[in-house]
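Each chain, letter by letter, is given below.
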Amino acid sequence: MKKAVLLLLALVVVTSVIVGVWFKTAGHPDALRHIVLDQCLPGQLQHRNPAPCAQVKPDAGYVVFKDRNGPLQYLLMPTYRINGSESPLLTKAQTPQLLLAGMAGAQFYASEARRGDTQQRGIAGH
């Protein structure tokens, strides 16, 4: 009985350590949300500077964020928290139409693609 309790205690300790390490190395699940709410939105509202976002539309309820992992990758994100695609918030009339905003946000992709193509051909600035 004593061995079983010690074995269970050891298992709990090892599991706790593994879970702790995983949480520490997995990254913060709300990192992008913090960038949007703590940097992009206040920067646009207070200084008319959306950085590090490419565009901030507070009245429309979204930002366009340049992903650091690729030259032509942009993320459209709401300026409020949505808890999954089943969120009842998405069915409300006042909720921004993010699909339409995403289509409009494609301008960043197209402009970056044109700029990159121009630079590759050696005719930047023309």
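How each quantity is defined
Residues numbered from 1 in each chain as written. Predicted model: local features only at pLDDT ≥ 70, side-chain atom pairs only at ≥ 80, totals over all residues. Heavy atoms only, no water. Pairing = 2+ DSSP bridges. Helix = DSSP H or I, 4+ residues; strand = E, 2+ residues; numbered from the N terminus. Axes fitted to C-alpha atoms, helices over the stretch in contact; angles between N-to-C directions. Contact = heavy atoms within 4.5 Å.

Draft legend 1. Broad picture of the pairing of strand β1 (residues 53–57). As judged from the four bridges shared by β1 and strand β2 (residues 62–66), these two strands associate in the antiparallel manner. Each residue of the ladder has a partner; that of Lys57, found in β2, is Tyr62. The loop that links β1 with its antiparallel partner β2 comprises four residues; one of these, Gly61, has a positive phi angle of about 85°.

Draft legend 2. Spatial organisation of the sheet that holds strand β3 (residues 74–78). In space, the three strands of this open sheet follow the order β1-β2-β3, with antiparallel pairing throughout. The sheet is open, and its two edges are formed by β1 and β3, each paired on a single side. When strand polarity is set aside, the average angle formed by the axes of neighbouring strands in this sheet is 15°. Contacts between helix α2 (residues 31–47) and the sheet are confined to β1, β2 and β3, with β3 contributing the most and set at about 85° to the helix.

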